[in-house]
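# Understanding the architecture of this molecule
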Amino acid sequence: MKIEFIRNDITKIKADVIVNTANPLPVIGGGADSAIYKAADEKKLLAARLKIGNIEPGDARITSGYKLANYIIHTVGPKYIDGHHNEEKILRNCYYNSLKLAKNNQCQSIVFPLIATGVYGYPKEDAISVAVSVISDFIIKENYNIKVIISVFDDESYALCLKIASSMESFIDSNESIEALKQEYGSYYEKIKERQRKIKVNRLISNNDNRQESFEFSNDTKTFAEMLIFYLNIRNEKASDFYRAVNIDRRLFSKILNNDYHPSKDTIIRMCIGLRLTLNQSVDLLSRADYAFNPSKAMDLVIMRGISENKSFFEIKDDLKKAGFNIWN
């Protein structure tokens, strides 16, 4: 059994059954839910969903897939609060109950989104771990020969899946995914991004027993590029001096400032160090680009400690080398 990861619009992937992260009420929600209804046949699918009625978190129901697939499975994910309100149990039930329905209906292929990681804010790295765990266990225990695809869309999910996938096809790029998400969520898009950002920072705070400062949220809604420009201005940094100091290509840096390029986590960390940001500010800037430090990873801990101690780029680079991480050559 192999779980296949694909970066694409879930409605463009062919399979016997498509799993939809449904609204608990029989209404059409935003994001992928709305896209699935449109691709299947909005009127017919909504009529079928109305017959089902409300769906409890963790539960799943199946309808015809109409023009989209043989079937659509509707499952309701958990609204993420802090990880201590049965969120994982509910998410595991989403995958388990969906697979059970697929097996009962003799499906040979199934496509899952990363359930509950959109509006509901479930941390994506944890969500991937839950998905892989439940899917693998179910298929082995049930001896179920089914092709499983996990479809992701945004940059962060794509980057996280690349860490565990032996190979991964991508049919969209960063700009396409951002524009599509903005269209699907409309005015709610920025609120979702801000909520996800705050969840990440809160999780880092709760996991970081050795934090050196008090973490407080900035309530502004600046984009990553806007916040970077803000720091460059208050630090009185010339752009030409700065991109050389942190070893970033001039043209690439210009694209980042113009919000035409989504930088990597490594690039942003180098910027944080170059700007002499506090750990608090670094966490915040990373989160505005959909990244986070991982306190369970030794390399991130070395960097976090170096930033807390206000070390220079070269001092942190040396600390990393001593710890066995030969990066930033």
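Just so it is clear, the model here is predicted, and its values are computed rather than measured. (Residues numbered from 1 in each chain as written. Predicted model: local features only at pLDDT ≥ 70, side-chain atom pairs only at ≥ 80, totals over all residues. Heavy atoms only, no water.)

## A closer look at the overall build of the protein
- Scanning the protein from N- to C-terminus turns up 14 helices and seven strands.
- Scored against the burial criterion, the 329 residues of the protein give a buried share of 48%.
- Looking at the protein alone, contacts between residues at least 24 apart form 67% of all its contacts between residues at least 6 apart.
- Total accessible area computed for the protein in this model is approximately 16,500 Å², and 47% of it derives from carbon and sulfur atoms. (Helix = DSSP H or I, 4+ residues; strand = E, 2+ residues; numbered from the N terminus. Buried < 20%, exposed > 50% of the residue type's maximum accessible area, 1.4 Å probe, protein only. Contact = heavy atoms within 4.5 Å. Areas by Shrake-Rupley, 256 points an atom, 1.4 Å probe, with all protein chains shown as cover.)

## A word on the nonpolar core
- In terms of nonpolar packing, the biggest core is built from 38 residues, with Tyr-95, Ile-110, Phe-112 and Ile-135 touching the most fellow members.
- Those elements that provide at least two residues to this core are strand E1 (3-7), strand E2 (17-21), helix H3 (87-104), strand E5 (109-112), helix H4 (124-142), strand E6 (147-152) and helix H5 (155-164).
- Of all the elements, H4 adds the most residues to this core, at eight residues.
- Dropping the residues within four chain positions of it, Ile-110 is found in contact with Ala-15, Val-17, Val-19, Ser-98, Leu-99, Ala-102, Ile-146, Lys-147, Val-148 and Ile-149.
- Membership of the second largest hydrophobic core comes to 33 residues, among which are Leu-232, Ile-248, Leu-279 and Ile-316. (Core = buried A, V, L, I, M, F, W, Y, C linked by side-chain atoms within 4.5 Å.)

## Re the pairing of strand E3 (residues 60-64)
- The pairing of E3 with strand E4 (residues 71-75) spans five bridges and is antiparallel. Counted as the bridge partner of Thr-63 is Ile-72 from E4.
- Hairpin geometry of E3 and E4 is characterised by an intervening segment of six residues between the two adjacent antiparallel strands and by a positive phi of about 50° at Tyr-66. (Pairing = 2+ DSSP bridges.)

## Description of H3
- Its 18 residues place the ends of H3 26 Å apart at the C-alpha level, agreeing with the 26 Å of an ideal helix rising 1.5 Å per residue.
- Considered for burial, the residues of H3 that qualify are Glu-87, Ile-90, Leu-91, Cys-94, Tyr-95, Ser-98, Leu-99, Leu-101 and Ala-102.
- Each element contacted by the buried residues of H3 is listed here: E2, E3, E4, E5 and H4.
- One or two residues past the end of H3 sits Gln-106, with phi positive at roughly 55°. (Expected span 1.5 Å × (residues − 1).)

## Describing the packing of aromatic side chains
- Within the structure shown, the criterion is met by eight aromatic pairs.
- Taken together, the aromatic side chains of Tyr-96, Phe-138 and Tyr-144 make up a single cluster linked through ring pairs. (Phe/Tyr/Trp six-rings, centres within 6.5 Å; stacked < 30°, edge-to-face > 60°.)

## So, the confidence of the model for the protein
- With 83% of its residues at a pLDDT of 70 or more, the protein shows a mean pLDDT of 83.
- At the low end of the mean pLDDT range in the protein sits helix H6 (residues 174-185), at 57; at the high end sits E4, at 98.
- Every residue in residues 209-219 scores below 50 in pLDDT, and together they form 20 contacts with partners more than four places removed in sequence or on other chains. (pLDDT = per-residue confidence, 0-100.)

## Considerations on helix H11 (residues 265-274)
- Burial analysis of H11 places seven of its 10 residues in the buried class, which makes it a mostly covered element.
- Looking only at H11, the buried set comprises Thr-267, Ile-268, Ile-269, Arg-270, Met-271, Cys-272 and Ile-273.
- Each element contacted by the buried residues of H11 is listed here: helix H8 (224-234), helix H9 (239-245), helix H10 (250-257), helix H12 (279-287), helix H13 (298-308) and helix H14 (313-322).
- A positive phi of about 55° marks Arg-276, the residue just after H11.

## Quick look at the pattern of salt bridges
- In this structure the tally under the stated criterion is 12 salt bridges.
- Put simply, Asp-59 and Arg-61 hold a salt bridge, and the shortest N to O gap is 2.9 Å.
- Residue Asp-59 is classed as partly exposed on the basis of its relative accessible area of 23%.
- Between Arg-92 and Glu-88 there is a salt bridge whose closest N-O contact spans 3.8 Å. Of this pair, Arg-92 and Glu-88 both sit in helix H3, four residues apart, which is roughly one turn of the helix.
- Members of the salt-bridge network, linked through shared partners, are Glu-309, Lys-311 and Asp-319. (Salt bridge = Lys/Arg side-chain N within 4 Å of Asp/Glu carboxyl O.)

## Here's the deal with the environment of Ile-307
- Inspection of the secondary structure assignment puts Ile-307 in helix H13.
- When the C-alpha atoms of Ile-307 and Cys-272 are compared, they prove to be 8.3 Å apart, with 35 residues separating the residues in sequence.
- Ile-307 has contacts with Ile-273, Leu-277, Thr-278, Leu-279, Ser-282, Phe-293 and Ile-316, leaving out every residue within four places of it along the chain.

## A short note on the pairing of E5
- The alternating pattern of E5 places Ser-109 and Val-111 on one face and Ile-110 and Phe-112 on the opposite face, and all of these are buried.
- As paired strands, E5 and E6 are joined by four bridges and run parallel to one another. Bridge pairing links Ser-109 to Lys-147 in E6.
- With respect to chirality, the unit in which E5 leads through H4 into the neighbouring parallel E6 is right-handed. (Right-handed = clockwise from strand over helix to strand, strands pointing away.)

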